[in-house]
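Listed below are the residues making up each chain.
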Amino acid sequence: MFDNLEQVLGRIKNCSHLYLFLDYDGTLVGIKKRPEDAKPSKKTKLILSKLISNSRITTILVSGRPVLQLVGFLRDIETGKLNMVGSHGAEIKIDGQEPEIIEAARGHIKHIGSIKKELEKITGYKSCFYLEDKKVSLAIHYRNCPPKDLEKLGKIRNFLKVYTGRLGLDVIEGKKVIEVKASSINKGMALKNLKNKWSPSRPGLSLCIGDDVTDEYMFEANSGGLNLKVARNSNVASRARYYVRGIGQVQKFLMRVNQEVR
C-alpha cells in the first residue's frame, strides 16, 4: 500500500535495532542502458553515509552486481562500514572484512565460463547483447537490442533451459536481463544467513527494500519483518506489503528512517 509509510516508521522507531537490506539498481539508482553507468548520486551517497554512521542501524546492500563493482561505485564513502552481498548472494563483504565468494558458488565458476562462450555464438557476438560475466553468475543484458535481434531470445532461453537444468543453476528473468546463477543461492538465503549470524547477539527488526523479481526472495525470507516494493503502482504482484513509487521516494523514506531510529 502507498501512503502508509508512517505505519512502517512507527514500527521502526520502536525497534531495538534495525537491519536494513537495500537492493541497488532500481532502488538506490536508476536503471541504465549500460550497467557500468549506474553510479549513485551525491544524495544517495550522503544518505548511505548517514545510515552507516547510525549505531542502531546495520545497513546491507543486496545486489546482483559483484561486490567489487559496488565498492568502486561507493569508494568515496566508508565502505568498510557498509555491508554488501553481491551476485545475488554468491559474494559477501561484512563487518569490515574483505569480500569473499561463498563455498556454494565456487563450483559453478567453470560452468558460467562455458555458458558465456556458447551464448556468444548464439547471439552472433552482437554488441547489443551484453554478457556480463560475474564469475559466479552471468547476466545477459538485452536492453539495447532492436526488435530484429530480440528474436534470438528464444534460442537463448531454450539453450539455458537444457544446459542449466542438470548443473544446479537457475535462470532468472529480470528487467531486460536474464541471469544465470547457482540454484542454492539467492537474496533470501543471504538475508537468513546474516540474520542468523547477527541476531543472537543483537536482535532486531529487518526492513527490505527492492524493485525486481530477485528481491521477492528477500521479501519471502523476511516474512516477519517489513518489506517495501519499489513500483509505479501497487497492482504489481509482490510479497511486499508496502510500496514506494520510485527512487526519489526511497531517498526521502531512508532519511526519515535515519531520523526515527536514534
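All of these numbers come straight from a predicted model, not from anything done at the bench.

Enquirer: Before we move on, could you go through the overall build of the protein and cite the residues and values that matter?
Expert: Scanning the protein from N- to C-terminus turns up 10 helices and 12 strands. Computed over its C-alpha atoms, the radius of gyration of the protein comes to 18 Å, within 12% of the 18 Å expected for a compact globule of 262 residues. The dimensions of the protein, computed from C-alpha atoms along their principal axes, are 55 × 35 × 35 Å. Long-range contacts, defined as pairs at least 24 residues apart, comprise 62% of the intrachain contacts of the protein with a sequence gap of at least 6. A total of about 12,500 Å² of accessible surface is found on the protein, and carbon and sulfur atoms cover 49% of it. Side chains of the protein carry 46 positive and 28 negative charges; the gap between the two charge centres is 3 Å.

Enquirer: Tell me what's going on with the sheet that holds strand 6 (residues 130–133), and back it up with residues and numbers.
Expert: Strand order in the open sheet made by the four strands is 6-7-9-8, with antiparallel pairing throughout. Among the strands making up the open sheet, the edge pair consists of strand 6 and strand 8 (169–173). On average, each strand axis in the sheet is tilted by 15° relative to the strand beside it, whichever way the strands run. Here strand 8 pairs with strand 9 (residues 177–182) via five bridges, running antiparallel.

Enquirer: Break down the sheet that holds strand 1 (residues 18–22) for me, citing the residues and quoting the values.
Expert: Across the sheet, eight strands lie side by side as 5-4-3-2-1-10-11-12; this open sheet has mixed pairing. Each edge of the open sheet is held by one strand with a lone partner, namely strand 5 (100–101) and strand 12 (242–244). Examined bridge by bridge, strand 2 (residues 57–62) and strand 3 (residues 83–86) share three bridges and lie parallel to one another. Considered in strand 3, the bridge of isoleucine 60 is made with asparagine 83. Each of strand 1, strand 2, strand 3, strand 4 (91–93) and strand 10 (205–210) touches helix 8 (residues 187–198); the most contacted strand, strand 1, lies at about 160° to it. Together, strand 1, strand 2, strand 10, strand 11 (226–230) and strand 12 form the strand contacts of helix 10 (residues 247–260), whose direction differs from that of strand 10 by roughly 165°.

Enquirer: Now, about the state of the cysteines: what can you tell me, with residues and values included?
Expert: Tallying each qualifying case throughout the model produces one disulfide. The partner cysteine of cysteine 128 in its disulfide is cysteine 145, sulfur to sulfur 2.4 Å. Disulfide cysteine 128-cysteine 145: the torsion about the S-S bond is 90°, which places it as right-handed. Within this pair, whereas cysteine 128 is found in the loop between helix 5 (109–122) and strand 6, its partner cysteine 145 is found in the loop between strand 7 (138–141) and helix 6 (147–150), the two being separated by 17 residues in sequence. Considered together, cysteine 128 and cysteine 145 belong to a single accessibility category, that of buried residues. Free cysteine cysteine 208: the closest other cysteine sulfur is in cysteine 15, separated by 13 Å.

Enquirer: Report on the environment of isoleucine 209, specifying residues and quantitative values.
Expert: Assignment of secondary structure puts isoleucine 209 in strand 10. The buried category is assigned to isoleucine 209, whose relative accessible area is 1%. Sequence spacing of isoleucine 209 and valine 244 is 35 residues, and the spatial spacing of their C-alpha atoms is 8.9 Å. Residues in contact with isoleucine 209, not counting those within four places in the same chain, are Leu20, Phe21, Leu22, Asp23, Thr27, Met218, Phe219, Leu228, Val230, Val250, Phe253 and Leu254.

Enquirer: Any details on the pairing of strand 11? Residues and values, ideally.
Expert: Judged by how many residues are buried, strand 11 sits mostly within the fold: five of five residues are covered. Note that strand 10 and strand 11 share four bridges and pair parallel. Following the sheet pairing, cysteine 208 is matched in strand 11 by asparagine 227. Between the parallel elements strand 10 and strand 11, the chain passes through helix 9 (residues 215–221) in a crossover that is right-handed. Relative to strand 12, strand 11 runs parallel, the two sharing three bridges.

Enquirer: Which residues make up the pairing of strand 10, and what values do they have?
Expert: Across the six residues of strand 10, six count as buried, placing the element largely inside the fold. Of the two faces of strand 10, the one holding Leu205, Leu207 and Ile209 and the one holding Ser206, Cys208 and Gly210 are both buried throughout.

Enquirer: Quick one: what's the story with the nonpolar core, residue by residue and with numbers?
Expert: Of all hydrophobic cores here, the largest spans 38 residues; its most connected members are Ile12, Leu207, Ile209 and Phe253. The residues contacting phenylalanine 253, other than those within four sequence positions of it, are Leu5, Val8, Leu9, Ile12, Leu207, Ile209 and Leu228. Judged by nonpolar contacts, the second largest core, of 18 residues, contains Ile112, Leu131, Cys145 and Phe159.

Enquirer: Report on the packing of helix 2 (residues 42–52) against helix 10, specifying residues and quantitative values.
Expert: Running from amino to carboxyl end, helix 2 crosses helix 10 at an angle of 20°, the nearest separation of the two axes being 10 Å. Relative to helix 10, the element helix 2 lies roughly parallel. The way helix 2 lies across helix 10 gives a crossing that is left-handed. Residue-level inspection shows Lys43, Thr44, Ile47, Lys50 and Leu51 of helix 2 in contact with helix 10, the latter providing Gln251, Leu254, Met255 and Asn258.

Rules used in this analysis
- Residues numbered from 1 in each chain as written.
- Predicted model: local features only at pLDDT ≥ 70, side-chain atom pairs only at ≥ 80, totals over all residues.
- Heavy atoms only, no water.
- Helix = DSSP H or I, 4+ residues; strand = E, 2+ residues; numbered from the N terminus.
- Rg over C-alpha atoms; globule rule 2.2 N^0.38 Å.
- Contact = heavy atoms within 4.5 Å.
- Areas by Shrake-Rupley, 256 points an atom, 1.4 Å probe, with all protein chains shown as cover.
- Lys, Arg positive; Asp, Glu negative; His and termini not counted.
- Charge placed at Lys NZ, Arg CZ, Asp CG, Glu CD.
- Pairing = 2+ DSSP bridges.
- Axes fitted to C-alpha atoms, helices over the stretch in contact; angles between N-to-C directions.
- Disulfide = S-S within 2.5 Å.
- Buried < 20%, exposed > 50% of the residue type's maximum accessible area, 1.4 Å probe, protein only.
- Right-handed = clockwise from strand over helix to strand, strands pointing away.
- Core = buried A, V, L, I, M, F, W, Y, C linked by side-chain atoms within 4.5 Å.
- Parallel < 35°, antiparallel > 145°, perpendicular 65-115°, else oblique.
- Left-handed = near helix turned anticlockwise from the far one by under 90°.

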